[in-house]
Amino acid sequence: MDYQKILEDIYKEIIPFAKTGKQADYIPALAKVNPDQFGMCLETVSGEVFPFMQADTRFSIQSITKVFALAMCLSLKGENLWKRVGKEPSGTAFNSLVQLEVEKGIPRNPFINAGAIVLADILLTELDDPENEYLAFVRSLCGNDSVGYNMEVAFSEREKGYLNAAIANMLKYHGTIDNDIEDVLMFYFKMCSVEMNCRELARAFLSFTNSRVFYHSGYRLSSSQIKRMNAVMQTCGFYDEAGEFSYLVGLPGKSGVGGGIVAIYPMRYAVAVWSPRLNSKGNSVMGIKALELLTTATQESIF
Ligand code: GLU
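These lines cover the structure that appears in this document, whether it is placed above or below. (Residues numbered from 1 in each chain as written. Predicted model: local features only at pLDDT ≥ 70, side-chain atom pairs only at ≥ 80, totals over all residues. Heavy atoms only, no water.)

**Here's the deal with the nonpolar core**
One broad rule of soluble globular proteins: the nonpolar side chains tend to lie buried together. Grouped together as the largest cluster of nonpolar side chains are 75 residues, with contacts concentrated most on F68, Y134, M196, L201, F205 and F208. When neighbours within four sequence positions are excluded, Y134 is seen to be in contact with T65, F68, A69, M72, L123, Y149, F187, M191 and V194. Ranked by size, the runner-up nonpolar core spans 28 residues in total, among them I6, V249, V271 and L294. (Core = buried A, V, L, I, M, F, W, Y, C linked by side-chain atoms within 4.5 Å. Buried < 20%, exposed > 50% of the residue type's maximum accessible area, 1.4 Å probe, protein only. Contact = heavy atoms within 4.5 Å.)

**What to know about unusual backbone geometry**
The phi angle at M53 is positive, at roughly 50°, despite the residue not being glycine. By the element assignment, M53 lies in strand β2 (residues 49-53). Since its relative accessible area comes to 43%, M53 is described here as partly exposed. The backbone of Y239 shows a phi angle near 55°, a positive value even though the residue is not glycine. Mapped onto the fold, Y239 is located in the loop between α11 (223-236) and α12 (242-248). Its relative accessible area of 3% is what places Y239 among the buried residues. (Helix = DSSP H or I, 4+ residues; strand = E, 2+ residues; numbered from the N terminus.)

**Points about the pairing of strand β1 (residues 39-44)**
Among the 6 residues in β1, 6 count as buried, and that is most of the element. Residues G39, C41 and E43 of β1 are buried on one face, and the alternating residues M40, L42 and T44, pointing to the opposite face, are buried as well. The pairing of β1 with β2 spans 5 bridges and is classified as antiparallel. Counted as the bridge partner of L42 is F50 from β2. (Pairing = 2+ DSSP bridges.)

**Overview of the site of the ligand**
Around the ligand, the surrounding shell consists of Y26, Q62, S63, F94, N113, E157, N164, Y188, C192, Y239, G256 and V257. Contacts to the ligand include S63, whose side-chain N or O atom sits 2.8 Å from an oxygen atom. With respect to the ligand, the side chain of Y188 contributes an N or O atom lying 2.7 Å from an oxygen atom. A total of 290 Å² of accessible area belongs to the ligand in isolation, and the protein chains cover 100% of it. Tallied by class, the residues present in the shell around the ligand amount to 6 nonpolar, 5 polar and 1 charged. (Near = heavy atom within 4 Å. Polar contact = N/O pair within 3.5 Å; in protein donor to acceptor, adjacent residues only side chain to side chain. Areas by Shrake-Rupley, 256 points an atom, 1.4 Å probe, with all protein chains shown as cover. Nonpolar A, V, L, I, M, F, W, Y, C, P; charged D, E, K, R; others polar.)

**Overview of the side chain of N150**
Within the secondary structure, N150 sits in the loop between α6 (130-142) and α7 (151-159). Accessibility expressed as a relative area gives 17% for N150, which makes it buried. Contact partners of N150, with chain neighbours within four places excluded, come to S193 and E195.

**Some words on the sheet that holds β1**
Taken in spatial order, the 5 strands make up an open sheet running β2-β1-β9-β8-β7, and their pairing is antiparallel. Lying at the two open borders of the sheet, with one neighbouring strand each, are β2 and β7 (253-255). Here the average twist between neighbouring strands, direction ignored, is 5°. (Axes fitted to C-alpha atoms, helices over the stretch in contact; angles between N-to-C directions.)

**With respect to the packing of helix α1 (residues 3-14) against helix α13 (residues 285-298)**
Put simply, α1 and α13 touch, their axes get as near as 9 Å, and they point 130° apart. Relative to α13, α1 is oriented oblique. When the axes of α1 and α13 are compared, the crossing they make is right-handed. Here Y3, I6, L7, I10, Y11, E13 and I14 of α1 come into contact with α13, specifically with M286, K289, A290, L293, L294, A297 and T298. Per-class residue counts for the contact of α1 with α13 are 11 nonpolar, 1 polar and 2 charged. (Parallel < 35°, antiparallel > 145°, perpendicular 65-115°, else oblique. Left-handed = near helix turned anticlockwise from the far one by under 90°.)

Nothing here speaks to function; it is geometry throughout.
So this is what it looks like as structure tokens:
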């Protein structure tokens with residue numbers, strides 16, 4: 001398959017959407033990002049890499065980080081993890097508080113903010129040096145030791161993170177998190193602040209294509225666990241737009257408000273796309289379009 005040519009053709013088709021939407025501005029540091037950027041990279045399980053445009057420009061991965069946190073927590077806790085967090089689509093916004101109150105402090109899934117804040121709490125409890133161990137894990141997945149946190153973004157989010165603080169307080173009230181609220185929030189924001197580019201994200205997600213043994217910086221996942229991670233990405237990876245993404249693209253994946261999306265074609269490839277302008281649900285406009293056209297052009301999807 002000539003993926004390079006396909007990516008070039010896709011880009012020509014999505015140019016009309018280049019000015020649709022705007023970058024996330026509820027995190028002040030992200031409001032400063034130039035919204036008119038686009039990068040994409042597809043890597044196959046046999047090691048062919050197809051970078052396109054700004055495939056090497058790093059950006060804030062934001063919620064994509066939740067996939068890495070889930071992988072670590074699943075490896076550490078196994079099925080017991082699901083006593084702390086659910087695995088049902090939420091149908092609500094990524095930062096919704098309402099559902100959490102009704103459901104007595106058990107987040108619907110690990111990919112809404114409430115769920116990922118619980119993952120942060122688990123890692124704080126389980127790891128001796130959470131910040132460094134988390135980074136070591138992500139670096140091992142993408143094969144690049146220069147990947148790191150952006151502390152300006154993390155502190156900027158903390159400063160304006162009223163809603164996430166409310167979520168953390170609700171979780172603490174219901175006894176779902178064990179550690180100090182401030183510590184949990186700060187670690188969550190740091191995980192979200194990790195910067196990677198499309199090339200690194202595609203490489204990192206190749207480990208979730210179930211085509212190889214998963215063993216990274218001491219963390220193991222069975223192929224059955226990888227299958228389950230993909231199931232959660234498929235059903236919960238795009239907040240209240242998970243159904244739409246499934247319908248349009250037909251691959252499991254995860255988005256972030258930094259404008260990145262990563263999708264997986266099991267046993268075949270991982271693809272990352274980045275463009276900061278978001279739709280009203282917090283997902284990259286050009287990113288979703290590009291992936292829709294990719295699976296249409298290649299006729300490669302899980303359905
Ligand atoms: N750090 C972001 C937040 O908590 C992540 C949201 C996202 O990327 O969807 O609001």
